[in-house]
Amino acid sequence: MPLTLIVVSLTCLPLVAAALAGCGSSALTPGETAQRFVDACNNRDAASLLAMLATSYKEGQGVPDSLTSLQLEKALKPYTRLTMDASQSAGLESDRAIIILSADTGENTASSGQTLVLAKTEGAWKVDGCTALDWSSVAQGTGGSSADRAAVEMQLKYFLNACIDSNTSYIFNNLSSEFLADHALNKPWTAAEFSGIFGTARSYEFSPDAISFPNANEAQVNVTVEFGTRGNLQSESADVTLVREKGTWKVETFPFFIF
């Protein structure tokens, strides 16, 4: 016997879900979960998004366990922003909800009809599907050989040490050709120029185990850099991308530089 799908307005969805969950439940409603999902996508908050994905969905789609904001952005393309589409109806079963989203391509056009599927699993409402996300370009599977992983780890350490030591010749020689072209760099920065671009850094940290390989020639990892002087320290974290060029791993995305 087929399940009956109850159609409700999106604004009523949290109330219906709360009733289904039972009195006194502190769990998020489907509507609240959907809004958090939208916020995580729009903010490229990979950690928050991962926590909302159903295990079966992550495994089925090959979502990387160490998802980065850059990978999330790639999975979201061509869309730049999602919104809850309150003009659409939402479907609700006892353990499944379907919510309609709008997706903006960044060209002042919004595409309605993107479907978000939520499932009651693992004791909470989890994302079990979304047509606005395409994981094929970042799916787990090219985890990188042990040699590649070691090479990326060592190159990134050398590069970060060079940044702290203002070794601009090493930095210039280990930036990707695309980075150099994008920033019209044809020679190393002077020490004074580099001070304005990178500032004063004292230390850095990243987890080698968190290095991910979207494809055979690209690696990504989240890096934390501590800037400032003793008693006035600030930490910044960002996703760094390295690409393989003629057998050498080079830095292509380094958000810590200020232009």
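Up top you'll find the structure we're talking about.
Now for a description of the structure that goes with this document. (Residues numbered from 1 in each chain as written. Predicted model: local features only at pLDDT ≥ 70, side-chain atom pairs only at ≥ 80, totals over all residues. Heavy atoms only, no water.)

**Re the overall build of the protein chain**
Scanning the protein chain from terminus to terminus reveals nine helices and eleven strands. Evaluated residue by residue, the protein chain yields a buried proportion of 40% over its 259 residues. Within the protein chain, contacts between residues separated by at least 24 positions form 57% of all contacts whose residues are at least 6 apart in sequence. Total accessible area computed for the protein chain in this model is approximately 13,300 Å², and 50% of it derives from carbon and sulfur atoms. (Helix = DSSP H or I, 4+ residues; strand = E, 2+ residues; numbered from the N terminus. Buried < 20%, exposed > 50% of the residue type's maximum accessible area, 1.4 Å probe, protein only. Contact = heavy atoms within 4.5 Å. Areas by Shrake-Rupley, 256 points an atom, 1.4 Å probe, with all protein chains shown as cover.)

**Quick notes on the pattern of salt bridges**
Within this structure, the stated rule accounts for four salt bridges. Across the pair lysine 157 and glutamate 153 runs a salt bridge, and its minimum N-O distance is 3.0 Å. Remark: glutamate 153 and lysine 157 occur in helix H6 (residues 146-164); sequence separation between them is four residues, near one turn of the helix. According to the relative accessible area criterion, glutamate 153 is partly exposed, its value standing at 21%. (Salt bridge = Lys/Arg side-chain N within 4 Å of Asp/Glu carboxyl O.)

**Some words on the state of the cysteines**
Applying the stated criterion to the full structure yields zero disulfides. Free of any disulfide, cysteine 130 has its nearest neighbouring cysteine sulfur in cysteine 41, separated by 6.3 Å. (Disulfide = S-S within 2.5 Å.)

**Thoughts on helix H5 (residues 69-76)**
Among the residues of H5, Gln71, Leu72, Ala75 and Leu76 are the ones counted as buried. Projected down its long axis, H5 carries its buried residues within an arc of 140°, all on one side. Buried positions along H5 lie against helix H2 (30-42), helix H3 (46-52), strand S2 (81-84), strand S8 (212-215) and strand S9 (218-229). (Arc of directions from axis to C-beta.)

**Some remarks on the pairing of strand S10 (residues 232-245)**
Here twelve bridges tie S9 to S10, and the two strands are oriented antiparallel to one another. Bridging from a neighbouring strand, glycine 228 pairs with leucine 233 of S10. The turn linking S9 back onto S10 is made up of two residues, and glycine 231 within it adopts a positive phi angle of 85°. Pairing of S10 with strand S11 (residues 248-253), which is carried by five bridges, proceeds in the antiparallel orientation. (Pairing = 2+ DSSP bridges.)

**Side note on the environment of glycine 31**
Within the secondary structure layout, glycine 31 lies in helix H2. Distance from glycine 31 to alanine 97, taken between C-alpha atoms, is 9.2 Å for residues 66 residues apart in sequence.

**Side note on helix H9 (residues 191-198)**
Along H9, the residues that are buried comprise Phe194, Ile197 and Phe198. Buried residues of H9 fall within an arc of 75° about the axis and therefore sit on the same side. The exposed residues of H9 that point more than 90 degrees off its buried face are Ala192 and Gly196. Check the buried side of H9 and you find it contacts H6, helix H7 (168-173), strand S7 (201-206) and S9. With its phi angle positive at about 80°, glycine 199 sits one or two positions after the end of H9.

Read these as spatial facts, not as claims about activity.
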